[in-house]
Every structure is written in structure tokens, then in C-alpha cells.
Amino acid sequence: MRTVDGRVAGRRGQETRQKLLDCLSEMLSSSPYRDVKVIDVARRAGTSPATFYQYFPDVEGAVLELAETMAAESGSLGELTEGRSWSGRAGWQTAQELVDGFLEFWRRNDAILRVVDLGAAEGDKRFSKIRLKVLSAVETPLAESVSALQAKGRIDKDVSPGAVAGSLVAMLAAVASHQKGFSSRSVKQAEIKPNLALLVHLGVTGRKPAK
């Protein structure tokens, strides 16, 4: 772990750096990204702006650190579909666990994902790359699942595995980022997961799940 000027940070330095990141993460949960200032992060961490600048060039640099860490952790999302069965009751379980895992990941990383979405929407390639990495963690193995079913003759040969997987993951991401908004439209939280899992199962297999 190095400082901005290239020096290797010691144990205390690494702890300070992590504390700054933790405080920034907490602040992003309650404040708009553009409103977060270096002095506020430093104050919350019990240190000075000068110390902050030892480890990060600016707030955006620190946000990118959080985003990169989150993207690295998104690799575990692939385990929700990779090598899983989509047949019979096992297929319904796969769909449910994919939805559960995806929504939980989004809920846990909601603050930083909102910033990533904002940066990507504004055309920042750094944030776009991170967003792509997160979504691809699910999209790639999901496309492979569709291809496997297609090879067995269980899905029409004209179906595009990549298009199906990409559309389903986009749907999951859209729902995940608006979970709180459903309550204002008289949709109960308890209804979201099973219905989303149903759509995922239909999208992958073309069939209603065997419950």
C-alpha cells in the first residue's frame, strides 16, 4: 500500500487510509456524492485534509478505490449461476438464489453503486469499466447457462444467449437500484423477489418453474 508520492505506508498509515475510506463510504450513504468534501471526510476520520491527500489525490480518487474494491468482490456473484442447474425444481432454486444474491449485493453496496452509475451515465470511462465488470460477473455465466440449454435443444436456436443474459442482468440492476421506490407504488417488498425470480427463470429457460 503506497501513498500518493509513492512511499510505502506502514501499519498505522494503512489503518488511517482504511479509516478514511470507511468514513467516505458512510458519508456517501447519506450525502450526495458532489457534496462530499475532503475536509469533511478528514474531520469524520479524526484527521486532517493534509493526511487525506497523502493517500488520495481527491475525493473522486478515494471513491474509485471504493468502487474498485466493490468490483473485485462482485466476482462472487458469478457463483450464483456458474455450473448451476436450470432443470426442474433445481432451476427454480437457482433463479431464486440469483435474485436473492444480486439484490443483497446491490443493497450492501448501494451508496457506491449509485456513484458508479452516475459516473458511467456522465461518460466517465473509469466508472463505466467498473460497472461493466460488476454486471459481467453475472452476465457471462448466465449467457453460458443459456448456451448450454440451447446445445441440449431446450431453447430455440435463434435465441441469442448474450442478448438474453444482458437483458436479464439489466433488469436485475434496474430493480435492485430502485428497491425502495416500489413501496411508493403499492408493491410489497415481499412480492419483488419471487416475481423477479419468475421472470429470470422464464428468460433463461423459456418455461415456468417447477415448484
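This text follows the structure it describes.
Reading guide: rules and limits
- Residues numbered from 1 in each chain as written.
- Predicted model: local features only at pLDDT ≥ 70, side-chain atom pairs only at ≥ 80, totals over all residues.
- Heavy atoms only, no water.
- Helix = DSSP H or I, 4+ residues; strand = E, 2+ residues; numbered from the N terminus.
- Expected span 1.5 Å × (residues − 1).
- Buried < 20%, exposed > 50% of the residue type's maximum accessible area, 1.4 Å probe, protein only.
- Polar contact = N/O pair within 3.5 Å; in protein donor to acceptor, adjacent residues only side chain to side chain.
- Axes fitted to C-alpha atoms, helices over the stretch in contact; angles between N-to-C directions.
- Parallel < 35°, antiparallel > 145°, perpendicular 65-115°, else oblique.
- Left-handed = near helix turned anticlockwise from the far one by under 90°.
- Contact = heavy atoms within 4.5 Å.
- Nonpolar A, V, L, I, M, F, W, Y, C, P; charged D, E, K, R; others polar.
- Core = buried A, V, L, I, M, F, W, Y, C linked by side-chain atoms within 4.5 Å.
- 1 Å grid on protein atoms, 1.4 Å probe; cavity = no way out; pocket = protein on both sides within 12 Å on 5 of 7 lines; lining within 4 Å.
- Points joined across faces, edges and corners; volume = space filled by probe spheres on them.
- Salt bridge = Lys/Arg side-chain N within 4 Å of Asp/Glu carboxyl O.

*Asks:* What is the right way to look at helix α4 (residues 59–73) in this model?
*Replies:* Helical geometry note: an α-helix holds 3.6 residues per turn, so side chains three or four residues apart project in the same direction. Between the first and last C-alpha of α4 there are 21 Å, a value that for 15 residues agrees with the 21 Å anticipated at 1.5 Å per step. Of the positions making up α4, those classed as buried are Val59, Gly61, Ala62, Val63, Leu64, Leu66, Ala67, Met70 and Ala71. The backbone nitrogen of Glu60 lies 3.3 Å from a side-chain oxygen of the residue at the head of α4, namely Asp58.

*Asks:* Whenever I open this one, the packing of helix α7 (residues 125–151) against helix α8 (residues 161–177) confuses me. Can you help?
*Replies:* Axes are the key here: two packed helices are described by the angle between their axes and the distance separating the axes. Viewed as axis vectors pointing N to C, α7 and α8 meet at an angle of 135°, and their least axial separation amounts to 8 Å. What the angle tells us is that α7 and α8 run oblique. Handedness of the α7/α8 crossing: right-handed. The residues of α8 that touch α7, namely those facing Arg131, Leu135, Val138, Glu139, Leu142, Ala143, Val146, Ser147 and Gln150, are Pro161, Gly162, Val164, Ala165, Gly166, Leu168, Val169 and Ala173. When grouped by side-chain class, the residues that make up the contact of α7 with α8 number 11 nonpolar, 4 polar and 2 charged.

*Asks:* What is the right way to read the nonpolar core from this model?
*Replies:* Soluble globular proteins: nonpolar side chains tend toward being buried together. With 62 residues, the main nonpolar core has Leu24, Leu28, Val63 and Trp106 as its most contacted residues. For this core, the element with the most residues is α7, which contributes 10 residues. Every residue in contact with Leu24, bar those within four places of it in the chain, is listed here: Val36, Val41, Val59, Ala62, Val63 and Leu66.

*Asks:* How should I be thinking about the layout of surface pockets in this particular structure?
*Replies:* The volume enclosed by the largest pocket comes to roughly 320 Å³. Around the largest pocket, the lining is made up of 17 residues, and of these Ser25, Leu66, Arg108, Asn109 and Ile112 lie nearest the centre. When contributions to the lining of the largest pocket are tallied by element, the ones reaching two or more residues are α1 (11–30), α4, α5 (88–108) and α6 (110–121). Residue contributions to the lining of the largest pocket peak at 5 residues, all from α1. For the lining of the largest pocket, a count of residues per class yields 5 nonpolar, 5 polar and 7 charged. Each pocket or cavity is described by its volume, and for the second largest pocket that value is around 190 Å³. Along its surface, the second largest pocket is lined by Trp106, Arg107, Asp110, Arg114, Ala176, Ser177, His178, Gln179 and Lys180. Here the lining of the second largest pocket is composed, by residue class, of 2 nonpolar, 3 polar and 4 charged.

*Asks:* What is the right way to look at the packing of α5 against α6 in this model?
*Replies:* It is at 5 Å that the axes of α5 and α6 come closest, and there the two elements cross at 85°. Between α5 and α6, the angle falls in the class roughly perpendicular. Residue-level inspection shows Phe105, Trp106, Arg107 and Arg108 of α5 in contact with α6, the latter providing Asp110, Leu113 and Asp117. When grouped by side-chain class, the residues that make up the contact of α5 with α6 number 3 nonpolar, no polar and 4 charged.

*Asks:* I keep staring at the pattern of salt bridges and nothing clicks. Help me out?
*Replies:* Oppositely charged side chains may form a pair once their charged atoms are brought near each other. Taken as a whole and judged by the stated rule, the model has 11 salt bridges. Here Lys193 ties to Asp100 by a salt bridge, and the two come within 3.5 Å at their closest N and O atoms. In this pair, Lys193 is assigned in helix α9 (residues 189–205) and Asp100 in helix α5, connecting sequence segments 93 residues apart. Arg131 is the salt-bridge partner of Asp117, the closest N and O atoms lying 2.4 Å from each other. On the criterion of sequence distance, the pair formed by Asp117 in helix α6 and Arg131 in helix α7 is long-range, its members being 14 residues apart. For Asp117, a relative accessible area of 24% gives the class partly exposed. Overall, Arg131 belongs to the partly exposed group, its relative accessible area being 27%. Overlapping salt bridges, with partners in common, bring together Glu60, Asp124 and Arg126 in one network.

Taken by themselves, the reported measurements are silent on function.
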